[in-house]
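Chains, contacts and geometry: an overview
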Amino acid sequence: MCVLLAALICLSGCNIIIPQPRDEYVDGRLRITYWEKWTGFEGEAIQRVVDRFNGKQDRIYVNLVTMSQIDRKALVAIAGGDPPDLVGLWSAGLSQFAEKRALMPLEPFMEKAGMRREAFTEVFLEQNTYRGTLYGLPTTPASTALHWNKRLFREAGLDPERPPRTLAELDEMAGKLTKYDENGHLVQVGFTPSEPGWWHWSWGYWFGGELWDGENVTFDTPENLAAWKWIQSYPQKYGAEELRRFQSGIAGQFATPQNPFFSERVAMIVQGVWMANFIQTYAPGLEWGAAPFPSAVPGLENVAMVECDSICIPAGARHPDEAFEFIQYLCSQEGLELLNMGHKKFTPLKEVSPEFLANHPNPYIEVFITLADSPNAFYAPLMSMWYEYNDEITPAFDMVMFGTTGPEAAVSMVQERVSDMWVRARASIERRERAEAEAAR
């Protein structure tokens, strides 16, 4: 990719004109291209939406192309001057695109089309906004919750219909749900912060912490330190090496019957709204429930990590008006309910049809909707260097979880390293903004 970008920069500097492709038509309709990352049942769901749109009018034909590594490929195409007309991104990566000026602002299109921001759940619009500008619209949202195994609760003498309501209760229940074999090895764990291992950065939010205040890195705070001391309590209780051994036996088995929650080796886990799909596929007989993950702070309720997929128009797209016409349909109640019923998620709209809820296959879908609408819902920081930030948190978490570093040292290390990176990134942002302001004058 770097070689290609360098070549494109060279071509630009040499004033070589790259020929633009001609418009293509399908049965007299303008063909626009939509790149998306979904495959399997998720890909089938967006194809149904595309087919519905293509059948509703006779001027535009949307050609859906699904692909892996969409972030990298889209950036290369945009830099090369030949982007698709539409691209589906993850909300956590949108800031990187926006910082590179790789996306078109969508508010002018919304105003022209009469689309109301108020129709969307605000937390999902926030994730598509970078430095005050809206660059994407949410399509398939998600929130996370505690999932628990009702059969294992019953077997341990716990009420299967009553999940833990405080973090202290969760820790106590986890102990009752943990089992060892005759050799003293863990064979069943009530709960571990290391599983599924996707959101190591998130634990501080259940303690009232945050990672960024909009201007500065805020990792080394009392709240985040308290969270990491709680993380450390698990290797202290069960043994760092024993947890490492147990973890190595369940790693990389999410979408299989050997998933530790499906195979009943882990009794409680934090997972997203999508988990019901995989339970239905890989463990259809599992007795399970979903509820808010309990907070460590009294009065801090319905804390949940939220995220979404986003639909965007790349900078340099040749047919932005036609692209937004598809976005307008996709983000209508009809389009989003069709898509999210296929994904088995909820929609980012505040209003849904009674039929959508009544027919939804996830019996706890309203729990996830409530969590997404909570004032304590949180998401990955809107930083252009978020991925680098997270890359510092992950190894620090492993060092604490598996006993090689204390929480104080780990939290301080992440703060120092990420702060240094952020100082350099912010200086670069400010230089670019000054240059753009001068050019505008």
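Residues numbered from 1 in each chain as written. Predicted model: local features only at pLDDT ≥ 70, side-chain atom pairs only at ≥ 80, totals over all residues. Heavy atoms only, no water.

1. Side note on unusual backbone geometry
For clarity, the cut-off: In this text, helices come from DSSP runs of H or I with a minimum length of four residues, and strands from runs of E with a minimum of two, each type numbered from the N-terminal end.
Here the residue pair E195 and P196 is connected by a cis peptide bond, since its omega of 10° sits within 30 degrees of zero. Within the fold, P196 resides in the loop between β9 (186–188) and α9 (222–238). Of note, the phi angle at Q69 is positive, near 50°, even though the residue is not glycine. Positionally, Q69 belongs in the loop between β3 (60–66) and α3 (70–79). For N302, which is not a glycine, the phi torsion comes out positive at approximately 50°. The topology assignment puts N302 in the loop between β11 (288–291) and β12 (304–312).

2. Some points on the confidence of the model for the protein
Any segment with low pLDDT has predicted coordinates that should not be analysed in fine detail. Test applied: Scored from 0 to 100, pLDDT reflects the predictor's confidence in each residue. When checking whether two residues touch, look at their non-hydrogen atoms; a contact exists if any pair is within 4.5 Å.
Mean pLDDT over the protein works out to 93, with 95% of the residues at or above the 70 mark. pLDDT under 50 marks residues 3–19. Its contacts with residues more than four places away, or in other chains, come to nine contacts.

3. Here we look at the environment of G403
Short version of the rule: Think of it in three bands: with a 1.4 Å probe and only protein chains considered, a residue is buried below 20% of the maximum accessible area for its type, exposed above 50%, and partly exposed in between.
Tracing the backbone through its elements, the reader meets G403 in the loop between α16 (386–401) and α17 (407–440). By relative accessible area, G403 is classed as exposed at 54%. Between the C-alpha atoms of G403 and Q236, which are 167 residues apart in sequence, the distance is 8.3 Å.

4. Regarding the side chain of Q415
To be explicit about the condition: Any N or O atom pair separated by 3.5 Å or less is treated as a polar contact, with the protein-specific requirement of one donor-capable and one acceptor-capable atom, and with residues adjacent in sequence counted only for side-chain atom pairs.
Counting through the fold element by element, Q415 comes out in helix α17. A polar atom in the side chain of Q415 sits 3.1 Å from the backbone oxygen of V217. Those residues in contact with Q415 that sit more than four places away from it in its chain are V217, T218, F219 and D220.

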